[in-house]
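In case you want the letters, here they are:
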Amino acid sequence: MKKILLSGVKPTGRPHIGNYFGAMKQFVDLQASEKYDCHLFIADYHALNLIQDAAEMRRLTLDLALDYLAIGLDPAQSVIFKQSDVPAHTELAWIFDTIVTMPYLMRAHAYKDAEAKDKELNVGTFNYPVLMAADILLYGTDIVPVGADQKQHVEYARDIALKFNHTFKSEAFKLPEDMIMKDVATVPGTDGRKMSKSYGNTIPLFAEREEIAKAVMGIVTDSSGDVPTNVYAIHKLFRTEADLKPLYEANKGKYKALKEALIEDVDAFVKPLRERRAILAKDEGKVIEILRQGAKKANEAASAKLVEAKKAVGVL
Ligand code: AMP
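About the criteria used
Residues numbered from 1 in each chain as written. Predicted model: local features only at pLDDT ≥ 70, side-chain atom pairs only at ≥ 80, totals over all residues. Heavy atoms only, no water. Near = heavy atom within 4 Å. Polar contact = N/O pair within 3.5 Å; in protein donor to acceptor, adjacent residues only side chain to side chain. Areas by Shrake-Rupley, 256 points an atom, 1.4 Å probe, with all protein chains shown as cover. Nonpolar A, V, L, I, M, F, W, Y, C, P; charged D, E, K, R; others polar. Salt bridge = Lys/Arg side-chain N within 4 Å of Asp/Glu carboxyl O. Buried < 20%, exposed > 50% of the residue type's maximum accessible area, 1.4 Å probe, protein only. Helix = DSSP H or I, 4+ residues; strand = E, 2+ residues; numbered from the N terminus. Pairing = 2+ DSSP bridges. Right-handed = clockwise from strand over helix to strand, strands pointing away. Expected span 1.5 Å × (residues − 1). Domains from an automatic or database assignment. Contact = heavy atoms within 4.5 Å. Buried area = accessible area lost by both parts, 1.4 Å probe. Arc of directions from axis to C-beta.

(A) Looking closely at the site of the ligand. Near the ligand there are 17 residues, and of these Lys10, Gly147, Asp149, Val187 and Met195 occur at the shortest range. The separation between an oxygen atom of the ligand and a polar side-chain atom of Asp149 is 2.3 Å. One of the backbone N or O atoms of Val187 is found 2.7 Å from a nitrogen atom in the ligand. About the coverage of the ligand: the protein hides 93% of its 490 Å² of free accessible area. Of the residues in the shell around the ligand, the class split is seven nonpolar, seven polar and three charged.

Here it is, written out as structure tokens:
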């Protein structure tokens, strides 16, 4: 029996190398394995908390589908779909809403961070972990490859599964596990904090060379040591530490030379992805068809679990 793998990315803008190494690379690496049945989705309803312009939402959704395909996700191996195409996600989220308490959701780190920034937070942002629990639990998911920032959300999904099963004396939901790769759990940005669109410290995954150069030249370096920590932390994603050792030894204190070497390495890595993406972008009809086929498969996979949950609560 294959294990069920599920993960998603929000279409909120261009993915960065933190998204790639922290999560998306695992999607590609694992889809080829005999062990996993992969479900990878575009979390457009999650993104709706932020993107509130129809044309932008459509554009960003198609862009993320192109990104998925360009990094090597294969519709023959993975179910690739858009969250909003599978109504069972929001339907199950409502059922969960009725058993999840507000104080419990108020303990979420993401909620606390968002609330600290914006007191007029929308209910969707508050409720985010409940919809994410529905995303995960609908497919009988075993593992969820994500970055460290999502660890608590997978724990929420486990708690919600337990509470549902207990409340309704059901065995509907399996407890999922996160899969967080140790070395890339939190990829740092150009300022050393977690790489994140909201901090403006990213290196976009499909950036052109000039944009890569600008981002890398902007990496914050301190003058205290021989090795510029923030440059090295990003460089390590692209080359082994054994490989980097002679380079950093030969260029002690020469931050500009090291940044130039990093630009070369990032660009060499990104170039084939960029080129593949440009080819795929010429046929958006094909991308839309891939999402349509993915939605069909995802709806089939999700419907049995939703029926089970509806029977357990007595609406069926
Ligand atoms: P999102 O854009 O929030 O949908 O993120 C997509 C995936 O990228 C999630 O699994 C995140 O945990 C992961 N991710 C985002 N930023 C980073 C980072 N700086 N390091 C590692 N993983 C990340």
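(B) Spatial organisation of the pattern of salt bridges. If you walk through the whole model with that rule in mind, you get 25 salt bridges. The closest approach of N and O atoms between Lys82 and Asp85, which form a salt bridge, is 4.0 Å. Residue classification places Asp85 among the partly exposed residues on the basis of a relative accessible area of 31%. In this structure, Arg209 and Asp267 form a salt bridge, with 3.1 Å as the shortest nitrogen-oxygen distance. With Arg209 in helix α9 (residues 209-217) and Asp267 in helix α12 (residues 255-280), this residue pair connects regions lying 58 residues apart in the sequence. Judged by relative accessible area, Arg209 falls into the partly exposed class, the value being 32%.

(C) Region of interest: the pairing of strand β2 (residues 36-42). Burial of β2 is extensive: six of the seven residues sit out of reach of the surface. Alignment of strand β1 (residues 3-9) against β2, held across seven bridges, turns out to be parallel. Of the residues in β2, the one forming a bridge with Ile4 is Asp37. The parallel pair β1 and β2, bridged by helix α1 (residues 17-31), forms a crossover whose chirality is right-handed. With five bridges joining them, β2 and strand β3 (residues 78-82) adopt parallel strand pairing.

(D) Region of interest: helix α8 (residues 151-167). The terminal C-alpha atoms of α8 lie 24 Å apart, and with 17 residues this matches the ideal 24 Å at 1.5 Å per residue to within 8%. Buried residues of α8: Gln152, His153, Val154, Tyr156, Ala157, Ile160, Ala161, Phe164 and Asn165, and no others.

(E) Spatial organisation of the domain arrangement of the chain. Under the domain assignment used here, the chain contains domain 1 (3-185 + 284-313) and domain 2 (197-279). Computed over C-alpha atoms only, the centres of domain 1 and domain 2 are separated by 30 Å. Counting from both sides, the interface comprises 18 residues of domain 1 and, opposite them, 15 residues of domain 2. Between domain 1 and domain 2, roughly 1,600 Å² of surface is buried when both sides are summed, and carbon and sulfur atoms account for 64% of that area. Summed over the three residues of domain 1 that lose the most area to domain 2, namely Arg14, Ile17 and Ala70, the buried surface amounts to 38% of that side. There are three salt bridges connecting domain 1 and domain 2. Between Arg14 and Glu211 there is a salt bridge, with the nearest N and O atoms lying 2.9 Å from each other.

(F) Helix α11 (residues 241-250), seen in detail. Taken as a whole, α11 has its buried residues at Leu244, Leu247 and Tyr248. Projected onto a plane normal to the axis of α11, the buried residues spread over an arc of 95° and lie on a single side. Seen from the buried face of α11, the exposed residues on the opposite side, beyond 90 degrees, are Ala242, Lys245 and Ala250.

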